[in-house]
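# Observations on the model geometry
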Amino acid sequence: MQKKGFLYRVFDLYYDGFRHMRLGRTLWAIILIKLFIIFAILKVFFFPDYIKQHADKGDEPDFVATQILKQ
């Protein structure tokens, strides 16, 4: 019996499981579409770049430090 690394065994478990599923590709497609919506679309429209709007260029670290220390 050959001993393999933990990460390899975890990867192999998921790879083998999704390979034998009938809906595996469909589930991965749904997961990827959801991640795209969460990270691309929601970020662009609902989470503006607050630091870029309120801090001068090159002064971002000082702006963040003053905002943290104010609280």
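What comes next concerns the included structure. For clarity, every value in this text was computed on a predicted model and none was experimentally measured. (Residues numbered from 1 in each chain as written. Predicted model: local features only at pLDDT ≥ 70, side-chain atom pairs only at ≥ 80, totals over all residues. Heavy atoms only, no water.)

### Comments concerning the overall build of the chain
Formally: Strands here are runs of E lasting at least two residues and helices are runs of H or I lasting at least four, both read from the DSSP assignment and numbered beginning at the N terminus. The globule rule used here is 2.2 Å times the number of residues to the 0.38 power, and the radius of gyration it is set against is calculated over C-alpha atoms. For the exposure calls, accessible area comes from a 1.4 Å probe over protein chains only, and a residue counts as buried if that area is under 20% of its type's maximum, exposed if over 50%, partly exposed in between. To measure how exposed things are, a 1.4 Å probe is used in the Shrake-Rupley method; for residues, cover is taken only from the protein chains shown. Positive charge is attributed to Lys and Arg, negative charge to Asp and Glu, and no charge count is given to His or to the chain ends. Lysine's charge is taken at NZ, arginine's at CZ, aspartate's at CG and glutamate's at CD.
Scanning the chain from N- to C-terminus turns up four helices and zero strands. Reading the chain from its N end, one meets helices and strands in the order α-α-α-α. Taken against the 2.2 N^0.38 rule, which gives 11 Å for 71 residues, the C-alpha radius of gyration of the chain at 22 Å runs more than 25% over that of a compact globule. Considering only C-alpha atoms, the chain reaches an extent of 60 × 30 × 25 Å along its principal axes. Per-residue burial for the chain yields a buried fraction of 4% across its 71 residues. Summed over all atoms, the accessible surface of the chain reaches about 7,300 Å², with 66% contributed by carbon and sulfur. Looking at charge distribution, the chain has the averaged site of its 11 positive side-chain charges lying 17 Å from that of its 7 negative ones.

### Topic: the packing of aromatic side chains
Any aromatic ring pair is given by two values, namely how distant the centres are and how the planes are angled relative to each other. Put simply, the test is: Under the pairing criterion, centres of Phe, Tyr and Trp rings, with the six-membered ring standing for Trp, must be within 6.5 Å; the plane angle then separates stacked pairs below 30 degrees from edge-to-face pairs above 60, leaving the rest tilted.
Per the stated rule, a full pass over the model turns up two aromatic pairs. Relative to Tyr 15, the ring of Phe 11 has its centre 5.7 Å away and its plane inclined at 20°; by these criteria the two rings are stacked. On the criterion of helical spacing, the pair formed by Phe 11 and Tyr 15 is a turn pair, its members being four residues apart in helix H1 (residues 6-19). Under the relative-accessibility criterion, Phe 11 is labelled exposed at 53%. Ring geometry for Tyr 50 versus Phe 63: centroids 6.2 Å apart, planes at 40°, classification tilted. With Tyr 50 in helix H3 (residues 50-54) and Phe 63 in helix H4 (residues 60-70), this residue pair connects regions lying 13 residues apart in the sequence.

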